[in-house]
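# Fold and contact review
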Amino acid sequence: MPSLLYYALVIGVVLAVPAVLTLVIQYIVLGTLSHRNSCKQKVASSTKPSQNHRVYYAGFFHPYPNAGGGGERVLWTMIKAIQEKYPFIVSVIYSGDNIDRDALLGNVKAKFGLDINPNTVYIVELKWRSWVDHKYPRLTLMMQSIGSLMLAAEAIHQFVPDVFIDTVGYAFTYPLVNLLSSNIPIIAYTHYPTISSDMQTMVSSRESGFNNDPRIAASPTLTSLKSAYYRMLAHAYAFSGSFADMVMTNSSWTHGHIVKLFDLPRTTNVVYPPCDTAALAEFSLENRQKVIMSLAQFRPEKNHSLQVEAFAKFLKEHPRYKAPESKPKPALKDILHVLEGSKEAKLIEYPLLVMIGGARNIEDEARAESLRQLAKSLEVSSQVYVIVNAPWSQVQLWLKHSSIGIHTMRDEHFGINIVEMMAAGLLTIAHNSAGPKLDIISPAIGASENALPSESQAQAYLKAPEDKNFPVGMVATTADEFAQMIACAIGANDSVEKALRSAARIAATTKFSEAAFSMAFCRRFTPVVRWLDSQSHE
């Protein structure tokens, strides 16, 4: 019969296994003490933070810092805020873009107009970004989440930060960071949940969409299997997110989902993302060109094809706005001459749909090209332009002179570009869901009302713009509804148009700005700095 000592040894081994595995993982990921010191010395010798305070290193886990989208504006505005308030903190960016610091900061200046001090920025190059880039044919969310763990392991191996800041939403990395060192605070800025109840509802209700293949939606068995997979993933996501010490979300919609999943209501706050409202608000509200402008990365969920379909429906229902087939398509450079105010250039005669966005990779480039082909198949290509990776100066030119803004992503977590279009004075039409519906375009004109404010209402608003019930934009869901809203916007008389533009600008500039974001971020980041100070004094 086994002795008491035998049972004690078995229990001891069982209890020791997790500790041993933890030590093994720490050794593999962190490397030797000599390796960690060497990495830190490399960063220290390449940066020049203020010496009036102990230097701290904030590691920003953002594998696409050069992408040029709303998430990147959050990243760089956050870094700018840290540089201004905490000059003793070095921002270490874990990047997979294979670009050096000076070129990257030059692109940030060109795209966002932000001057970033290179003395407190260091780039850690990641070689394993393909783990999250790869388009897995099945179980995509789970495989990319596992891939983010691999990428985070590479990042921490190359440099161990004093604070870990995830600005993309890779929550599955948080347990790993905590396992490697419980003394590294984990801060998350979450743009949207990896898995949400809306996604689970779409699958269980057998509705096809971006996250639910029509073949799965058509099969009860596959629907049941995917529902179980999503439930498992949601539990794993919730467990991982619970390791965050502080969570910031970009909208009320995201906040609601994250609080429900992570169960961290006291440390989860809405921090609206930064929007370049100050510069855009200087643009005149008058003399706009007949341009319907879209501003969004060429990612599948942005649903650019809906814009082309809606524009084609609008032209079909209102043929007077369709350019004659005999009229050659103006070259993009000629359109830009019009926007720049060239005296030789003629005004744009027929409405144009101009889709501007960033492309992260060859797949995004292919999506942009597919939009050109879609416009051709719908016989509207002479009035459609697809512009990839335009510099911020050109984007501003379009914002300054375009008449209408359009954004078609369903369940857009927030929509920085929507705010930018509103601040610039565009009559903005967005999808009637999530962030745009709850936080940005409210109150709105919807397809069900299909009615603009009267001229008397518009005149009253222009005299006293304190009316909180005056609409600031439009919302739609289907191609028919978007076409309907385009027609409303184009058909608005001068007074109504000016009032709508003014209301949109006031809403955007009073609620969202870079200054407001920086203040809100620093308010939540300061306790982390104080905690680091307390640790250094122990």
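None of these values were measured; they are calculated from a predicted model. (Residues numbered from 1 in each chain as written. Predicted model: local features only at pLDDT ≥ 70, side-chain atom pairs only at ≥ 80, totals over all residues. Heavy atoms only, no water.)

## A short note on the pairing of strand S6 (residues 246–249)
Burial along S6 is two-sided: the face carrying Met246 and Met248 and the face carrying Val247 and Thr249 are both buried. Sheet topology note: the strand S5 (residues 186–190)/S6 ladder contains 4 bridges and is parallel. Counted as the bridge partner of Ile187 is Met246 from S6. Bridge analysis of S6 against strand S7 (residues 268–270) gives 3 bridges, and the strand direction is parallel. Each residue of the ladder has a partner; that of Val247, found in S7, is Thr268. Handedness of the crossover joining S6 and S7 through helix H11 (residues 252–262): right-handed. (Buried < 20%, exposed > 50% of the residue type's maximum accessible area, 1.4 Å probe, protein only. Helix = DSSP H or I, 4+ residues; strand = E, 2+ residues; numbered from the N terminus. Pairing = 2+ DSSP bridges. Right-handed = clockwise from strand over helix to strand, strands pointing away.)

## Side note on helix H10 (residues 220–241)
Here H10 spans 31 Å end to end across 22 residues, near enough to the 32 Å set by a 1.5 Å rise per residue. Among the residues of H10, Thr223, Lys226, Ser227, Tyr229, Tyr230, Leu233, Ala234, Tyr237, Ala238, Ser240 and Gly241 are the ones counted as buried. (Expected span 1.5 Å × (residues − 1).)

## Observations concerning the layout of surface pockets
Any empty space left between atoms is shown by rolling a water-sized probe over those atoms. In this structure, the second largest pocket occupies an estimated 510 Å³ of space. The wall of the second largest pocket is formed by 24 residues, among which Lys40, Arg54, Pro161, Asp162 and Asn183 lie closest to the centre. Put simply, the parts of the chain that give the lining of the second largest pocket at least two residues each are helix H2 (33–46), helix H6 (140–158) and helix H22 (514–536). Examining the composition of the lining of the second largest pocket, we find that 5 residues originate from one element, H2, more than from any other. Taken together, the residues that form the lining of the second largest pocket break down as 12 nonpolar, 8 polar and 4 charged. (1 Å grid on protein atoms, 1.4 Å probe; cavity = no way out; pocket = protein on both sides within 12 Å on 5 of 7 lines; lining within 4 Å. Points joined across faces, edges and corners; volume = space filled by probe spheres on them. Nonpolar A, V, L, I, M, F, W, Y, C, P; charged D, E, K, R; others polar.)

## Considerations on the sheet that holds S7
Across the sheet, which stays open at both edges, the 7 strands sit in the order S3-S2-S1-S4-S5-S6-S7 with parallel pairing between neighbours. At either margin of the open sheet sits one strand with a lone partner, and together these are strand S3 (121–125) and S7. Neighbour-to-neighbour, the strand axes of the sheet open up by a mean angle of 20°, direction not taken into account. Bridge analysis of strand S1 (residues 56–61) against strand S4 (residues 163–166) gives 4 bridges, and the strand direction is parallel. Bridged to Phe61 within S4 is Asp166. (Axes fitted to C-alpha atoms, helices over the stretch in contact; angles between N-to-C directions.)

## A closer look at the pairing of S3
When you tally the buried positions in S3, you get 4 out of 5 residues, the bulk of the element. Alignment of strand S2 (residues 89–95) against S3, held across 5 bridges, turns out to be parallel. Of the residues in S3, the one forming a bridge with Val92 is Tyr122. With helix H4 (residues 101–112) bridging S2 and the parallel S3, this β-α-β connection has right-handed handedness.

## Some details on the environment of Leu222
Among the structural elements, Leu222 can be located in helix H10. In contact with Leu222, not counting residues within four places along its chain, are Arg215 and Ile216. (Contact = heavy atoms within 4.5 Å.)

## Let's talk about the environment of Ala44
Structurally, Ala44 is set in helix H2. Residue Ala44 is classed as partly exposed on the basis of its relative accessible area, which comes to 30%. Residues Ala44 and Glu325 lie 281 residues apart in sequence; the distance between their C-alpha atoms is 63 Å.

## A closer look at the pattern of salt bridges
Tallying each qualifying case throughout the model produces 14 salt bridges. Ionic pairing is found between Glu286 and Lys498, a salt bridge with its closest N-O pair at 3.5 Å. Of this pair, Glu286 sits in the loop between helix H12 (277–280) and strand S8 (291–295) while Lys498 sits in helix H21 (residues 494–511), placing them 212 residues apart in sequence. Here Glu286 falls in the partly exposed class, since its relative accessible area comes to 45%. Take Lys498: its relative accessible area is 37%, and that puts it in the partly exposed class. (Salt bridge = Lys/Arg side-chain N within 4 Å of Asp/Glu carboxyl O.)

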